[in-house]
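Observations on the model geometry
Spelled out, the chains give:
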Amino acid sequence: MSASLFDKIWDAHLIRQFDDGSSLLYLDRVFFHERTGSIALASIHEDGHQVANPAHVFATMDHILDTFPGRDDHTQIPNGQQFILTTRKQAHLAGVTLFDINDPRQGISHVVSPEQGIALPGCTLVCPDSHTCTLGGLGTLAWGIGSSDCEHALATETLRVKKPRQMRVVFDGTPAAGVSAKDMILHLISRYGTSGGSGYMIEFTGSAIAALPVEARLTLCNMAVEFSAFSGIIAPDDATISYLKDKLYSPKEARWEEAMAYWKTLYTEPAARFDKEITINCRKIHPTVTWGTSPQHAITLHERIPDPAHCTEAEGRAIKRALDYMGLKAGASIRGTPIDAAFIGSCTNSRLSDLRVAASILKGRKVAAGVKAICVPGSSQVKQLAEAEGLDSIFLDAGFEWRESGCSMCFYAGGESFGEGQRVITSTNRNFENRQGKGTRSHLASPAIVAASALSGYITDIAEP
């Protein structure tokens, strides 16, 4: 029987099947951060258990810590320091690899995993974080789990999972200039809704996917969870192999040759069947931004905000609530909406390629008066490489703050925020109510649109400033 990419990886890691339809899978990697994983590690220690294979477990500081220059263990988040101290203590006791605050490998977990070669094609990787699906951009079967599942994963290298249905999303055609992976995934979610992928493992494919650089594929898969998918994945190819070569934890010498041979078998066979298929014509995708409080509330910069009067009753109520929260009017153009702040960062769009794009727009220009602009590299390595290219000077000269790496203001957990009623154009992945601060109004967009809007002082296209 012809197998999909997902089938091949699942079957290679299947230990046993149960009568209730669930399966026990072997896990190649467990990654956690200080906000959730520290709880799991402390719990198994208190229960008298040990980490089964410390060499395959990795931890980082990314959610709780500050991103201000000169940071230490103290944080603005109430009781946040305790998360950091607990993670450090438990990681050392368990003998797992920790990318601590001042480690040059520190960063957001889903940025660190690819750049260090921890996530690899055909591997299974779990992390107590919903955006673990990012790593599907490398051909990794990766998904987010809860703290209790993380305990089981740490102690046994296995997890009981029910195999999801499979969906293939085909992005065909050549996108117009200025259209990014962020625009592609927002387009998909806006058309099919945030529940469109519920219960499915999604394989992204098509000519437009094959043409995407690896870091753009990571961006695309990052938001599979915003489509309610179990995870997303893209078949590895020569670009993937080139990206992973010589990474710190990538296979070396003879093992590298063996790994490449295996990775080249990881593709969906022509006769493989999917439970659902969606085809997107990329020529119809344009630079996109969200207007409301869900990733599905997305329109192109040339469209107008929907009118609840033209929707079903349920949709109309949701749109009206979103408009009230966002302080916007139905039928208005999203383009030209004034902003108070601009944020470039998060596990979605904080890699070196993202910063290069933004810097190319900012170079020689200034952020509009009254706009608070912040750039947070996704890892210490990204920050170091960006500074070696002089990108930090471009951001600083333009009027951006240049921070240390971390999740920062992708979310608000009682620490730093943009402020109530502030309107932010942001390269992050979620625009829920209060996501970036109490009452903060967030508009999701690509780094290019964030940079251009920061210069204009209002939401705009990259060609306008």
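Everything that follows concerns the structure shown earlier in this document.
Quick look at the structure, then.

Let us look at the packing of aromatic side chains. In this structure the tally under the stated criterion is 11 aromatic pairs. Centroid distance phenylalanine 31 to phenylalanine 58: 6.3 Å. Interplanar angle 25 degrees. Geometry classified as stacked. Taken together, the residues span a long stretch of sequence, with phenylalanine 31 in strand β3 (residues 29-33) and phenylalanine 58 in strand β4 (residues 57-60) at a distance of 27 residues. Judged on exposure class, the residue phenylalanine 31 and its partner phenylalanine 58 are both buried. Ring centres of phenylalanine 395 and tryptophan 402 lie 5.5 Å apart, and the angle between their planes is 35 degrees; this geometry places the pair in the tilted category. Each member of the pair, phenylalanine 395 as well as tryptophan 402, carries the same accessibility label: buried. The cationic tip of lysine 247 hangs over the ring face of tyrosine 243; the distance from NZ or CZ to the ring centre is 4.2 Å. The ring centre of phenylalanine 68 lies 4.0 Å from the NZ or CZ of arginine 403, which sits over that ring.

Attention shifts here to the pattern of salt bridges. Tallied over the full model, the rule gives 18 salt bridges. Lysine 320 is paired through a salt bridge with aspartate 324; the nearest N and O atoms lie 3.2 Å apart. Taken together, the positions of lysine 320 and aspartate 324, both in helix α11 (residues 313-326) and 4 residues apart, correspond to about one turn of that helix. Classification of lysine 320 as partly exposed rests on a relative accessible area of 49%. Here lysine 383 ties to glutamate 387 by a salt bridge, and the two come within 2.7 Å at their closest N and O atoms. On the criterion of helical spacing, the pair formed by lysine 383 and glutamate 387 is a turn pair, its members being 4 residues apart in helix α13 (residues 380-388). Given a relative accessible area of 12%, lysine 383 falls into the buried group. Residue class for glutamate 387 comes out partly exposed when judged on its relative accessible area of 31%. By sharing partners, the salt bridges in this structure join Lys372, Glu401, Arg403 and Glu416 into a single network.

Let's shift gears to the nonpolar core. In this structure, Phe31, Val126, Trp143, Leu154 and Trp263 are the most contacted members of the largest nonpolar core, which totals 57 residues. Not counting residues up to four positions away in its chain, the partners in contact with tryptophan 263 are Leu120, Pro121, Pro236, Ile241, Leu244, Pro251 and Trp256.

Attention now goes to the packing of helix α2 (residues 37-46) against helix α3 (residues 80-94). Running from amino to carboxyl end, α2 crosses α3 at an angle of 50 degrees, the nearest separation of the two axes being 9 Å. Judged on the interaxial angle alone, α3 and α2 are oblique. Once α2 is placed against α3, the crossing between them reads as left-handed. Counted together, Ser38, Ile39, Leu41, Ala42 and His45 of α2 and Phe83, Thr86, Thr87, Gln90, Ala91, Leu93 and Ala94 of α3 form the full contact between these two elements.

This part is about the environment of serine 380. Mapped onto the elements of the fold, serine 380 is located in helix α13. Classification of serine 380 as buried rests on a relative accessible area of 15%. Linking serine 380 and aspartate 103, residues 277 residues apart in sequence, is a C-alpha distance of 7.9 Å. When near neighbours in sequence (up to four residues on either side) are disregarded, serine 380 contacts Asp103, Pro104, Gln106, Gly107 and Ser405.

Right, let's talk about the side chain of arginine 88 for a bit. Summarising the element assignment, arginine 88 is placed in helix α3. A relative accessible area of 19% means that arginine 88 is categorised as buried. A distance of 2.9 Å separates the side chain of arginine 88 from the side chain of aspartate 73, its partner in a polar contact. If we skip the residues at most four places from it in the chain, arginine 88 touches Met61, Asp73, Leu98, Asp100 and Ile101.

Of note in this structure, aspartate 246 is not a glycine but carries a positive phi near 70 degrees. Here aspartate 246 shows up in the loop between α9 (238-244) and α10 (254-263). Of note, the phi angle at asparagine 434 is positive, near 65 degrees, even though the residue is not glycine. With relative accessibility at 36%, the residue asparagine 434 sits in the partly exposed group.

The subject of this paragraph is the environment of glycine 232. Mapped onto the secondary structure, glycine 232 falls in strand β11 (residues 231-233). Sequence-wise, glycine 232 and aspartate 47 are 185 residues apart; in three dimensions their C-alpha atoms are separated by 34 Å.

Rules used throughout
- Residues numbered from 1 in each chain as written.
- Predicted model: local features only at pLDDT ≥ 70, side-chain atom pairs only at ≥ 80, totals over all residues.
- Heavy atoms only, no water.
- Phe/Tyr/Trp six-rings, centres within 6.5 Å; stacked < 30°, edge-to-face > 60°.
- Helix = DSSP H or I, 4+ residues; strand = E, 2+ residues; numbered from the N terminus.
- Buried < 20%, exposed > 50% of the residue type's maximum accessible area, 1.4 Å probe, protein only.
- Lys NZ or Arg CZ within 6 Å of the ring centre and 35° of its normal.
- Salt bridge = Lys/Arg side-chain N within 4 Å of Asp/Glu carboxyl O.
- Core = buried A, V, L, I, M, F, W, Y, C linked by side-chain atoms within 4.5 Å.
- Contact = heavy atoms within 4.5 Å.
- Axes fitted to C-alpha atoms, helices over the stretch in contact; angles between N-to-C directions.
- Parallel < 35°, antiparallel > 145°, perpendicular 65-115°, else oblique.
- Left-handed = near helix turned anticlockwise from the far one by under 90°.
- Polar contact = N/O pair within 3.5 Å; in protein donor to acceptor, adjacent residues only side chain to side chain.

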